[in-house]
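Chain and residue survey
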Amino acid sequence: MKIVVCVKQVPGTADVAIDPETKRLKREGVEAIMNPFDAYAVEQGCLLKERFGGEVVVVSMGPPQAAATVREALSCGADRGVLLSDRAFAGSDTWATSYALSCAIRSIGGVDLVFCGKQAIDGDTAQVGPGIAAHLGWPQVTCVSRMTDVQPDAVTVHRMNEDGYDIVRVLLPAVITVVKDLNTPRVPTLRSRLASRKATLPVWTAATVAADPAALGLEGSPTRVVKINPPPARNKTTVQIRGTADECAARLVHELRLKSLL
Amino acid sequence: MQQHIDRKVYHIEILTPKQNSEKLEEDLQTFEQKFRRVMDEGHMACITDNPMGMLSFQGTEMIQELGLPVLPEQLMIHLNTFHTKADLDGILATAKQLGIAYFLIVSGDGSERLPRLKGSDVGYEVESVTSVELLKYIRREYPGAFHLGVAFNPYEPAEHEVEKLRRKVDAGAEFVITQPIIEKHDGLGALVPFGLPVVIECWMSKKLSLLSECVGYEIPEGTPYDPPGNLRILIANYPRYGFYLSILGFKTQLPLIRDLWK
């Protein structure tokens, strides 16, 4: 089974400024991490590979520093990685990004399954996974919380929804986006981390993946961000409850009920 | 442990490199230098386990990968409950194989990226695994293989903390390491009836304010603090106890403390 996992480098903090001109996040000088949902996608790819054999290829689109995120995925068990990095990709919205990623997946060739995190924690759009499926013309299942059956030509999964889950059987090749209930991502070992730092990491451009330049970057992005604002800061307050243990417990329950938390 | 105290052997904390270190090779070298220096000087190296929930490398893998010597009476590994069952078993099996004899068992600090042991992992019907269940598990699976110590926090309500310690001792704890103490703390009197060897943590950073969370009240930034001076007072106040030095400055402080405890 050949599995591609798409990963994204995102800011490791919610305290990120927005560029008023470009309406984009200012990423310079901010600690970068692998999008947390993507760690579950990497783990699922590795679990399937360990069980059924095959290969896990990690793909990320971003600036050169996004290589660190691909290497992190390698240290978690992926076999090889590719960084899509080219000025032509700059300014891509989710549609153009998913187009570029779909071109990379076609270039890899022979792919059975594509895993993505359900969404990235910076943009929160949840559009790239479905966008990849649309560009490839493959079926997709989003918000997968469990894989119950894996066959060479189809997989059966639980798709989370607000009321519970749907059981979905999907033919391969397919795109699956995952939620955190799916597995427990492994923590890289020192040995795997060191190996990942030495791994060869090819950088693919738009030309490498035979992408249409008109479908990339700002030109290829139908989305126009008119205005963007950070959410209002949450007010943190600390309330100290004093009294005997029973009094404190009763007061705590009362306070939580007032806030509809119980 | 009592023999370390009788021989006036310091416990010196060494932090392992963080998983996301951008200068990993340099950090590994620093760790190795500190480790070897502690060994050479006859102290006990105490290697942390994801302190403050920060994803870091494990002590056992550091020793294996760097080919460091294991002198059983000079090495203690911290072990907390934030591991998968497979990782926990791997750490314990490796420790036994390497001849590591001492563990400090703590509940630990979690983070989103750190998995926590489940009750079913260690064979106990509990909602969350604490140091008590971890102690019992190690005693059950590795009878007689390790000397196990636990933490004691005199800043917690005394009745609660003493009861917790009683459960830890019943589960197999053989020695106690306290939270950082500044000069003296009446709460340590509660340890006397247990009759266990006690090692007092001495905070060796000048930034006393970093202890605010630990002690439960705000210590203003810039509060004057003389770490070697505090160690000197602790040695005078607690002649029967050992000393655990955290955040020790290897260049400046290690030469200073050699002659303090005689």
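In short, a report on the structure. (Residues numbered from 1 in each chain as written. Chains lettered and ligands numbered in written order. Predicted model: local features only at pLDDT ≥ 70, side-chain atom pairs only at ≥ 80, totals over all residues.)

**Looking at the overall build of chain B**
This is how it is decided: Going along the chain from the N terminus, every DSSP run of H or I of four or more residues is numbered as a helix, and every run of E of two or more is numbered as a strand. Within these notes, the globule rule equals 2.2 Å times the number of residues to the 0.38 power, and the radius of gyration is based on C-alpha atoms. In this scheme the burial state of a residue depends on its C-beta neighbours within 10 Å: 20 or more other such atoms mean buried, 12 or fewer mean exposed, and anything in between means partly exposed; the C-beta positions come from the backbone. Throughout, a pair of residues is in contact if the C-beta atoms placed from their backbones lie within 7 Å.
In terms of helices and strands, chain B carries 10 helices and 8 strands. Computed over the C-alpha atoms, the radius of gyration of chain B is 18 Å, within 12% of the 18 Å expected from 2.2 N^0.38 for a compact globule of 262 residues. In terms of overall dimensions, chain B has a C-alpha envelope of 45 × 45 × 35 Å along the principal axes. In chain B, buried positions account for 38% of the 262 residues. For chain B, contacts bridging at least 24 residues in sequence account for 75% of all contacts bridging at least 6.

**Section: the environment of Ile105 of chain A**
All names here are of chain A. By the element assignment, Ile105 lies in helix H3 (residues 94-108). Judged by local crowding, Ile105 falls into the buried class, with 23 C-beta atoms found within 10 Å. In contact with Ile105, not counting residues within four places along its chain, are Val4, Val111, Val114, Ile132 and Leu136.

**Some details on the nonpolar core**
What counts here: A set of buried Ala, Val, Leu, Ile, Met, Phe, Trp, Tyr and Cys residues, joined through C-beta atoms within 7 Å, is what we mean by a nonpolar core.
Residues Ile12, Ala45, Cys46, Phe103, Ile105, Cys202 and Phe243 of chain B are the most contacted members of the largest nonpolar core, which totals 66 residues. Apart from residues lying up to four places away in sequence, Cys46 of chain B is in contact with His11, Ile12, Glu13, Ile14, Met76, His78, Leu104 and Tyr244 of chain B.

**Some details on the pairing of strand E2 (residues 44-47) of chain B**
Looking along a regular strand, one sees side chains alternate from face to face of the sheet. Residue and element names in this part refer to chain B. This is how it is decided: The rule for pairing is simple: two strands pair if DSSP sees at least two bridges between them. If the strands point away from the viewer and the path from the first strand over the helix to the second runs clockwise, then the crossover is right-handed.
Side chains Met44 and Cys46 project from E2 onto one buried face, and the interleaved Ala45 and Ile47 project onto a second face that is buried too. Of the strand pairs in this sheet, strand E1 (residues 11-14) and E2 are connected by 4 bridges, and their pairing is parallel. In the sheet register, Ile12 faces E2, and the bridge partner there is Ala45. With helix H2 (residues 24-40) bridging E1 and its parallel neighbour E2, the resulting β-α-β unit is right-handed. As judged from the 3 bridges shared by E2 and strand E3 (residues 75-79), these two strands associate in the parallel manner. The residue of E3 that forms the bridge with Ile47 is Ile77. Between the parallel pair E2 and E3, the chain is carried across by helix H3 (residues 59-66), and the sense of this crossover is right-handed.

**So, the sheet that holds strand E4 (residues 102-105) of chain B**
Residues and elements named next belong to chain B. Filter applied, for reference: Axis definition: a line fitted to C-alpha atoms, over the contacting stretch in the case of helices. Angles run 0 to 180 degrees between N-to-C directions.
Around the barrel, 8 strands lie side by side as E1-E2-E3-E4-E5-E6-E7-E8; this closed barrel has parallel pairing. Each adjacent strand pair in this sheet contributes to an overall mean axis angle of 25°, direction not counted. Two strands pair when backbone bridges link them, and strand E6 (residues 175-180) and strand E7 (residues 198-203) are joined in this way by 3 bridges, in the parallel orientation. Along E7, the bridge assignment pairs Ile177 with Val199.

**Section: the packing of helix H2 (residues 67-75) of chain A against helix H5 (residues 190-198) of chain A**
Residue and element names in this part refer to chain A. Applied cut-off: Throughout this description, any angle smaller than 35 degrees is read as roughly parallel, any larger than 145 degrees as roughly antiparallel, any in the 65 to 115 degree range as roughly perpendicular, and the remainder as oblique. For a crossing to be left-handed, the near helix must be turned anticlockwise from the far one by less than a right angle; the clockwise case is right-handed.
Packing of H2 against H5 leaves a shortest axis separation of 8 Å and a crossing angle of 135°. Judged by the inter-axis angle, H2 sits oblique to H5. H5 is crossed by H2, and the crossing has right-handed handedness. Facing H2, whose interface residues are Arg71, Leu74 and Ser75, H5 presents Ser192, Arg193, Ser196 and Arg197.

**Concerning the environment of Val9 of chain B**
All names here are of chain B. Tracing the chain through its elements places Val9 in the loop between helix H1 (2-6) and E1. Distance in space between the C-alpha atoms of Val9 and Ile182 is 20 Å, their sequence separation being 173 residues. Here Val9 is in contact with His4, Gly42, His43 and Met44, once residues within four sequence places are set aside.

**Focus: helix H6 (residues 245-258) of chain A**
A turn of α-helix holds 3.6 residues, and therefore any two residues three or four places apart point the same way. Residue and element names in this part refer to chain A. Formally: Multiply 1.5 Å by the residue count of a helix minus one, and that product is the helix's expected span.
Its 14 residues give H6 an end-to-end C-alpha distance of 20 Å, which sits within 8% of 20 Å, the value for a rise of 1.5 Å per residue. Of all 14 residues that make up H6, 0 are buried, and the element is exposed over most of its length. One or two residues past the end of H6 sits Ser260, with phi positive at roughly 60°.

**Description of the sheet that holds strand E4 (residues 55-61) of chain A**
Residue and element names in this part refer to chain A. Taken together, 9 strands build an open sheet; the order of strands is E9-E8-E7-E10-E6-E1-E4-E5-E11 and the sheet is mixed. Since the sheet does not close on itself, it has two edges, and those belong to strand E9 (164-171) and strand E11 (203-204), each with one partner. Here strand E1 (residues 2-6) pairs with E4 via 5 bridges, running parallel. By the bridge assignment, Cys6 is partnered in E4 with Val59.

**Comments concerning the interface of chain A and chain B**
Facing 9 residues of chain A, the contacting portion of chain B comprises 11 residues. With 4 residues, H5 of chain A is the single largest residue contributor to the side of chain A that touches chain B.

**Remarks on the pairing of E4 of chain A**
Residues and elements named next belong to chain A. The buried fraction of E4 amounts to 6 of the 7 residues, a majority that puts the element mostly inside the structure. Examined bridge by bridge, E4 and strand E5 (residues 80-84) share 5 bridges and lie parallel to one another. Considered in E5, the bridge of Val59 is made with Val82. In terms of handedness, the path from E4 via H2 over to E5 forms a crossover that is right-handed.

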